[in-house]
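# Report on the structure
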Amino acid sequence: MIHADGKKFLLQGKNYGYAMCVTETGFLQHLHYGGKITEADLQYLIGIGKSTAPDPADVNKDMALNLMPGEFGFYAHGDFREPTAVFERTDGATVSRLRYENYSIKQGAPALQGLPHVRSGGETLIVTLKDDFSDIAVDLYYTVYDDSDVLVRNAVIRNTGKERVMLKKAFSFRVDLSGGNFKMLRLGGNWARERIPEIAPIAHGVTKLQSLYGCTSHMTNCFMGILKEHCTEECGECFGVQLIYSGSFALTAEWRKDAPLTLQGGIADIGFGWELCGGEAFTTPQALLTYSDEGLGGMSRSIHDFIRERIVNPASAFRRRPLLVNNWEATYFDFNNEKLFPIIDEAAKLGIDTFVLDDGWFGKRDSDWSGLGDWFVNEKKLKGGLKTVIDRCKQNGLKFGLWFEPEMVNEDSELYRAHPDWAIHKEGAELCRSRQQLVLDFTRKEVVDYVFGVVSKILKENDISYVKWDMNRNITENYSASLPAHRQGEFMHRYILGVYDLAERLTSAFPNVFFEGCAGGGARFDAGMLYYFPQIWTSDDTDGFERTKIQWGTSVCYPLSAMSCHVSVCPNHQTGRTTPFETRGNVASLGAFGYELDLSKMTDEEKELTKKQVDNYKRTEELILKGDLYRLMNPLEQNYFCEMVVSKDKTEAYVVGERILGIPCDYNQYVYLRGLDEERLYHIEELDITASGKALANAGLLLPKLRDFGSWAWHLKKVK
């Protein structure tokens, strides 16, 4: 709900309030973001805000802007905090001072051309600011939902004059939080260790989370959590800031002892530049701001619901997911029909419904040294082409899926030999190579058009129900011969716009194909990609213990339904560790479930366990797609991992846990179940126990006595 009268504004979501006003000197001042307030409270907040607003009678009034909480930071005129945007005019000047001009309210969320965005619903406030020293106007967008604690922010920067302006920075939002003693939660890591939570106090100065990789990266996710003092998993106040963007990004938190905590973020500003000619506009990516007074768990559940209901394509958001086996770790590049058919045959016997053929089916592709870009079938390897494999799947009642890496090319490929200029490079600069491959220049329309054509041809000519879209290296050189010198700063953003263009065209042209995202594992796991692909390969690390940490961290701001989680062989290919087959299945069941191994080489015992795991996932799939997640035991801090998913109506729940190491005297531990209806009775099938939700929350359940990496899975049903 939005209350506005041109001088003061109050945005109200499910449990939060967001207030701002126009000062006597014409600036848009931030007043409050946090727990819900009423319209009657605005005058009180405005009175408090006057202590930091510029005094019209003060000759030094502009210097007071350095203390005023604002909605969009300008540059070089009294505010010394980091600006939200910087625009350089033809004379080289970058000084700016933005004042309030007008506002409007529209029903629904804005649809951003060429960018992923919130799909529908809500009410949007648009506040326009005008620069005193140039022809720049900035439209600030705020989309509010009465039933959600997520506020959607972005900005549109317009050149209303005739002379060109160079944007040197164009972040999506700014918000100031009053108070102190904040901590920051970030999701960092590396390849095979993605999105590991780290919490630390916010120090004086600027803390910056950033990726310059051309994607959100294995190292830093485009999410920032801000925790007030005493915030825990279960209680206390916190905020989440998350970009709907998949390219190089930056999120900053700036704190001084005499000013609020300033949060900003958007497209990475290092190396960024965008020419804005007269009459043109630049649209920044959307950001999700989430408030919770129920701790980190409450924040996560709000984000999960929002992503599932308003970002993921509604045709796929709650659609049954392919229960698949992927051949990659079973065969790598070394396969033919004779090696694939036993896997397919066995999958049918075990209840799996989709077989996915990974890297190596195309071009001259027997290693990662060649073939990328040549999207035609290698019939020396697959006799009779894809049709023979697809027919084998159909004979067994299976669907067929296929791997692509559309953004990449090997130098040893027909595509590169025909179009070496299509690879990102700078003449005179030695190429950076990673995984023996280069990146195609997706800033060029003809390149995107070509890739769309060749991938579409494969999808049209074959019965394919699933596509895994991979991206196995980061972007270097950051240069396109198709752009003039003064526009090279546009390269990185234009690249990701090209990726979005291809994803939009392919998913629209093939609505019945289920697309999964991947980037060397989890290097591009973000809300931007989830707009096109309803699930993403969580990590190349499928170890039954390491995945507890990765999935725990990923769930901070992404729903379980977005995570691809597979059972793989042991010793694990990434860690060399051996964990029980049952544990691998239990941990993987907390996401979109599947297998990453040679089914034909499993023992009889493993095959029987697989049948049970497949049946279990079919039983719990609705909970994974729609349920509320409660994180109960943190494997980063304890010797146990435990998560619980509860149905929206609280009639059923699913609990999965793992004991990490067999430490002496570590038994007689309890887990306390949350999210249930305290007044109802629940029966726990595996334990044959009936207890109230209140007893399970307050008295808890005694954990089973398990050895290293042992696990449990419990199903709870409301007793009628």
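Note that this is a predicted model, so its numbers are computed, not measured.

Summed over the entire model, instances satisfying the criterion amount to 35 aromatic pairs. When the ring of W712 is compared with that of W714, the centres are 5.7 Å apart and the planes differ by 35 degrees; the resulting orientation is tilted. Linked through ring pairs, Y16, Y18, Y33, Y142, F239 and Y291 together constitute an aromatic cluster. Over the face of the ring belonging to Y531 we find R119, whose NZ or CZ atom lies 3.8 Å from the ring centre.

Position of S316 among the secondary structure elements: in the loop between helix 2 (295-310) and strand 21 (324-326). Its relative accessible area of 11% is what places S316 among the buried residues. Along the backbone, S316 and N512 are 196 residues apart, and their C-alpha atoms lie at a distance of 9.6 Å. Among residues more than four places away in sequence, those in contact with S316 are R321 and P534.

Take Y595: it is sitting in strand 30 (residues 592-596). On the accessibility criterion, Y595 (0% relative accessible area) is buried. Between the alpha carbons of Y595 and D293 there is a distance of 38 Å; along the sequence they are 302 residues apart. If sequence neighbours within four positions are ignored, Y595 has contacts with L324, V325, N326, I352, H566, V567, F581, T610, Q613 and V614.

Moving on: a nonpolar patch on the surface. On the surface, Y670, Y672 and L702 cluster together to form a nonpolar patch covering roughly 300 Å² of accessible area. Relative to the helices and strands, L702 is located in strand 37 (residues 701-702). Classification of L702 by relative accessible area gives partly exposed; the value is 44%.

A separate point is the pattern of salt bridges. Overall, the coordinates contain 56 salt bridges when judged by the stated rule. Note that D132 is salt-bridged to R99, the shortest N-O span being 2.7 Å. Of this pair, D132 sits in the loop between strand 7 (123-131) and strand 8 (136-144) while R99 sits in strand 6 (residues 98-107), and the two are 33 residues apart along the sequence. Across the salt bridge formed by E446 and R444, the nearest N and O atoms sit 2.8 Å from each other. Relative accessible area serves as the criterion here: at 12%, R444 is assigned to the buried category.

The subject of this paragraph is the sheet that holds strand 22 (residues 354-357). The eight strands are arranged 21-22-23-26-27-28-29-30 in a closed barrel whose pairing can be described as parallel. Direction aside, neighbouring strands of the sheet carry axes that sit 30 degrees apart on average. Bridge count between strand 27 (residues 514-517) and strand 28 (residues 535-537): two bridges; the pairing is parallel. When the sheet's bridge partners are listed, E516 is paired in strand 28 with Q535. The strands that helix 5 (residues 386-395) touches are strand 22 and strand 23 (399-404); relative to strand 23, the one it contacts most, it runs at about 140 degrees. Across the sheet, helix 12 (residues 604-626) is in contact with strand 29 (563-568) and strand 30; its angle to strand 30 comes to roughly 160 degrees.

Further remarks concern the side chain of T507. On the secondary structure map, T507 appears in helix 8 (residues 491-509). According to the relative accessible area criterion, T507 is buried, its value standing at 19%. At 2.7 Å, the side chain of T507 and the backbone oxygen of A503 are in polar contact. Setting aside residues no more than four positions away along its own chain, T507 makes contact with F515, Y532 and F533.

With that settled, consider unusual backbone geometry. The amide bond that connects C570 to the next residue, P571, takes the cis arrangement and shows omega of 0 degrees. In this structure, P571 sits in the loop between strand 29 and helix 11 (581-588). A positive phi angle is found at R195, which is not glycine, with a value near 55 degrees.

What follows concerns the sheet that holds strand 38 (residues 711-718). Taken together, the six strands give an open sheet; going across it, the order is 31-32-33-38-35-36, and neighbouring strands pair in antiparallel fashion. The open sheet is flanked by strand 31 (628-633) and strand 36 (689-692), the only strands paired with a single partner. For this sheet the average axis-to-axis angle between neighbouring strands, irrespective of direction, equals 20 degrees. Inspection of the sheet shows strand 33 (residues 652-659) paired to strand 38 by seven bridges, in the antiparallel sense. Bridge pairing in strand 38 links V656 to A713.

Attention now moves to the environment of K61. Its location among the elements puts K61 in the loop between helix 1 (42-49) and strand 5 (85-88). Taking the C-alpha atoms as reference, K61 lies 19 Å from P83; in sequence the two are 22 residues apart. Those residues in contact with K61 that sit more than four places away from it in its chain are T25, P54, D55 and P56.

Along any regular strand the residues' side chains alternate between the sheet's two faces. Along strand 2 (residues 8-12), four of the five residues are buried, which leaves the element largely enclosed by surrounding structure. Looking at chain direction, strand 1 (residues 2-4) and strand 2 are connected through three bridges and run antiparallel. Following the sheet pairing, A4 is matched in strand 2 by F9. The sheet contact formed by strand 2 and strand 3 (residues 16-22) spans five bridges and is antiparallel.

A separate point is the nonpolar core. Counting 186 residues, the largest nonpolar core has F355 and W361 as the members making the most contacts within it. With nine residues, helix 8 is the single largest residue contributor to this core.

All right, on to the packing of helix 11 against helix 12 then. One way to put it is that helix 11 packs onto helix 12 with a least axis distance of 10 Å and a crossing angle of 20 degrees. In this view, helix 11 runs roughly parallel relative to helix 12, as classed from their interaxial angle. The interaxial crossing formed by helix 11 with helix 12 has right-handed handedness. On the side of helix 11, the interface is formed by F581, E582 and G585, while helix 12 contributes E606, L609, T610 and Q613. Split by residue class, the contact of helix 11 with helix 12 holds two nonpolar, three polar and two charged.

Position of T354 among the secondary structure elements: in strand 22. For T354, a relative accessible area of 1% puts it in the buried group. Within the local environment of T354, its side chain forms a polar contact with the side chain of D353, the two groups lying 2.8 Å apart. What T354 contacts, discounting residues up to four positions off in sequence, is P322, L323, L324, V325, L398, K399, F400 and G401.

Among the seven residues in strand 32 (residues 640-646), seven count as buried, and that is most of the element. Because side chains alternate across strand 32, one face comprises the buried residues Y640, C642, M644 and V646, and the other comprises F641, E643 and V645, equally buried. One ladder, built from five bridges, connects strand 31 with strand 32; its direction is antiparallel. When the bridges of strand 32 are listed, D628 appears paired with V646. The turn linking strand 31 back onto strand 32 is made up of six residues. Hairpin remark: strand 32 followed by strand 33, antiparallel, with five residues in the connecting loop; positive phi at K650, about 60 degrees.

It is worth spelling out helix 12 at this point. With 23 residues, helix 12 extends 34 Å between its outermost C-alpha atoms, agreeing within 8% with the 33 Å of an ideal straight helix rising 1.5 Å per residue. T620 marks where helix 12 bends most, by close to 50 degrees. Of the positions making up helix 12, those classed as buried are K607, T610, Q613, V614, N616, Y617, T620, E621, L623, I624 and L625.

Rules of the game
Residues numbered from 1 in each chain as written. Predicted model: local features only at pLDDT ≥ 70, side-chain atom pairs only at ≥ 80, totals over all residues. Heavy atoms only, no water. Phe/Tyr/Trp six-rings, centres within 6.5 Å; stacked < 30°, edge-to-face > 60°. Lys NZ or Arg CZ within 6 Å of the ring centre and 35° of its normal. Helix = DSSP H or I, 4+ residues; strand = E, 2+ residues; numbered from the N terminus. Buried < 20%, exposed > 50% of the residue type's maximum accessible area, 1.4 Å probe, protein only. Contact = heavy atoms within 4.5 Å. Patch = residues over 30% accessible without salt bridge, like charges linked within 9 Å, V, L, I, M, F, W, Y side chains within 5 Å. Areas by Shrake-Rupley, 256 points an atom, 1.4 Å probe, with all protein chains shown as cover. Salt bridge = Lys/Arg side-chain N within 4 Å of Asp/Glu carboxyl O. Pairing = 2+ DSSP bridges. Axes fitted to C-alpha atoms, helices over the stretch in contact; angles between N-to-C directions. Polar contact = N/O pair within 3.5 Å; in protein donor to acceptor, adjacent residues only side chain to side chain. Core = buried A, V, L, I, M, F, W, Y, C linked by side-chain atoms within 4.5 Å. Parallel < 35°, antiparallel > 145°, perpendicular 65-115°, else oblique. Left-handed = near helix turned anticlockwise from the far one by under 90°. Nonpolar A, V, L, I, M, F, W, Y, C, P; charged D, E, K, R; others polar. Expected span 1.5 Å × (residues − 1). Bend = angle between axes of the 7 residues up to and from the residue.

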